[in-house]
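Listed here are the chains, written in short residue letters.
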Amino acid sequence: MNQPVASCLVSRLSRFVTLTKGESEFIAEMERDEHPRQKGRPVVSVGEATEGIMVLKSGWATVKGDTSDGRSQILRVYLPGEVMGLAEIGSSHANHRIVMQTDGVICPFPRHGLAPLFSDFPRLGALLTAVGSLDQIALRHHASSLGSMDAKGKLKFWLLQLRSRLEVANIGLGNRFQVPFSQVEMGQAVGLTSIYVNKLLRGFVENGEIEIERPYVRLLKREQWEADCEFVDAFVSMDTSWFPPALDAD
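Computed from a predicted structure; not experimentally measured.

Student: Account for the overall build of the chain, naming residues and giving values.
Tutor: Check the secondary structure of the chain and you find 8 helices and 11 strands. For a compact globule of 250 residues, the expected C-alpha radius of gyration is about 18 Å, and the chain comes in at 19 Å, within 12% of that figure. Principal-axis analysis of the C-alpha atoms places the extent of the chain at approximately 55 × 40 × 40 Å. Out of the 250 residues belonging to the chain, those deemed buried represent 46%. Expressed as a percentage of contacts within the chain between residues at least 6 apart in sequence, the contacts between residues at least 24 apart total 74%. For the chain, the computed accessible surface area is about 12,700 Å², with 51% contributed by carbon and sulfur atoms. Each charge sign in the chain was given a centre, from 27 positive and 30 negative side chains, and these centres are 6 Å apart.

Student: How would you sum up the nonpolar core? Please name residues and give values.
Tutor: Of all hydrophobic cores here, the largest spans 30 residues; its most connected members are L13, F16, L124, L127 and M238. Sorting the residues of this core by element identifies α1 (8-13), α2 (21-30), β3 (52-58), β8 (104-110) and α4 (122-148) as the ones contributing at least two each. Tallying contributions element by element places α4 first for this core, with 8 residues. For L13, the residues in contact, after removing those within four places along its chain, are L19, I27, L124, L127, L128 and V131. In terms of nonpolar packing, the next biggest core, distinct from the first, is built from 29 residues, I74, L162, L166 and V197 among them.

Student: Report on the sheet that holds β8, specifying residues and quantitative values.
Tutor: The strand order across the open sheet formed by 4 strands is β1-β8-β3-β6, and the pairing between neighbours is antiparallel. In the strand order of this sheet, the two ends are held by β1 (35-37) and β6 (83-84), each with one partner. In the sheet, β1 pairs with β8 via 3 bridges, with the strands oriented antiparallel. What sits directly across from R37, in β8, is G104. Its contacts with the sheet put α2 on β3 and β8, and the angle it makes with β8 is roughly 105 degrees.

Student: Please set out the pairing of β3 residue by residue, giving values where relevant.
Tutor: By the criterion of burial, β3 is predominantly enclosed, with 7 of the 7 residues buried. With 2 bridges joining them, β3 and β6 adopt antiparallel strand pairing. What sits directly across from M54, in β6, is M84.

Student: Which residues make up empty space enclosed by the protein, and what values do they have?
Tutor: Per the counting criterion, the structure on display carries 3 cavities of 30 Å³ or more. Taken as a whole, the largest cavity spans an internal volume of roughly 120 Å³. Taken together, I74, L75, R76, V77, L139, H142, W158, Q161, L162, R165 and A189 form the lining of the largest cavity. Those elements giving two or more residues to the lining of the largest cavity turn out to be β5 (72-78), α4 and α5 (151-168). Taken together, the residues of the lining of the largest cavity sort by class into 7 nonpolar, 2 polar and 2 charged. Taken as a whole, the second largest cavity holds about 50 Å³ of empty space. Around the second largest cavity sit R76, D135, A138, L139, Q161, R165 and F235, which together line it. Of all the secondary structure elements, the ones that give two or more residues to the lining of the second largest cavity are α4 and α5. If you tally residues by element for the lining of the second largest cavity, the top one is α4, at 3 residues.

Student: Would you mind going over α2 in detail, with residue names and values included?
Tutor: The complete set of buried residues in α2 reads G22, E23, F26, I27 and M30. In an axial view of α2, the angular spread of the buried residues amounts to 140 degrees, which keeps them on one side of the axis. Among the structural elements, α1, β3, β8, α3 (116-119) and α4 are those in contact with the buried residues of α2.

The rules behind each value
- Every residue gets a number counted from 1 within its own chain, in the order that chain's sequence is written.
- In keeping with the model being predicted, local features are shown solely for residues with a pLDDT of at least 70 and side-chain atom pairs are shown and tallied solely at 80 or more, while totals for entire chains, interfaces and linings include all residues.
- To obtain the side-chain values, all non-hydrogen atoms of the structure were included, while hydrogens and water were left out.
- Secondary structure is summarised from DSSP: a helix means a run of H or I of at least four residues, a strand means a run of E of at least two, and numbering begins at the N terminus for each.
- Computation of the radius of gyration draws on C-alpha atoms alone. For the globule rule, the value is 2.2 Å times the number of residues to the power 0.38.
- A simple rule labels every residue: compare its accessible area, found with a 1.4 Å probe on the protein chains alone, to the largest value its type can have, and call it buried under 20%, exposed over 50%, or partly exposed in between.
- Here a residue-residue contact requires only that any non-hydrogen atoms of the pair lie within 4.5 Å.
- Throughout, the Shrake-Rupley method with a 1.4 Å probe supplies accessible areas, and for residues the shown protein chains are the sole cover considered.
- Under this rule, positive means Lys or Arg and negative means Asp or Glu; His and the chain ends count for nothing.
- The atom standing in for a charge is NZ when the residue is Lys, CZ when it is Arg, CG when it is Asp and CD when it is Glu.
- In these notes, a set of buried Ala, Val, Leu, Ile, Met, Phe, Trp, Tyr and Cys residues joined through side-chain atoms within 4.5 Å is what counts as a nonpolar core.
- A pair of strands counts as paired when DSSP detects no fewer than two bridges linking them.
- Here an angle of 0 to 180 degrees is reported between the N-to-C directions of two axes, which are lines fitted to C-alpha atoms, with helices fitted over the stretch in contact.
- Points on a 1 Å grid over protein atoms alone make up a cavity when a 1.4 Å probe fits among them but cannot get out, and a pocket when they form an open set with protein on both sides within 12 Å along at least five of seven lines; lining residues each have an atom within 4 Å of a point.
- Grid points are joined across faces, edges and corners, and a volume is the space filled by probe spheres set on the points.
- Gly is placed with the polar residues, together with every amino acid not listed as nonpolar (Ala, Val, Leu, Ile, Met, Phe, Trp, Tyr, Cys and Pro) or charged (Asp, Glu, Lys and Arg).
- Comment: arc refers to directions from the helix axis out to C-beta atoms.

This is the structure we're talking about:
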């Protein structure tokens, strides 16, 4: 029998609050139904009926959009410990397709199972809502970078944001982190061709700005990049002052 996968969601949420026993047990219930998924396998297809949310317990996934001429765009990257479908909980059908970027484990959880968040674990519900809001802020920052920055800035910003989001779940601490994307896929995420991405990465390496040991990247001049991009880390702090008390706290 396979051993259960450690919870990146617990690690991610524990960055902001100390979870109670009841809250941790509820998360364990959310992650109880484990489904291994291989790289490249669809998780959700456009128009497919959705019954709830999915915890990405391990691995990476991407939200993809397809243009009329057959090209693909990467609209969002899901990282270990993130909850897929929470922002779209009000829709009964998927609006975009989600594909596994790496091998991983997903844990589907029905909508009706979320009811205890509002009655028994309101603080955990508030925390998930707040984390979701930070995710939306990060997505807006990314969208803004695509519209306002040159090619170098777009790629720098994307890498900086990946690093900061991985740090939230205690994955890839520091300036060295995994980037399991081909140059074509990086281009799909930042609106550049793979040839341009290759040129930019080579330039970053030659200038001593990054080191690449695939699939890992090390940012050697992170502070300079953050200044150049006016990078704002949405996950540095969270306002928890409005959270209700944990009802199951000792």
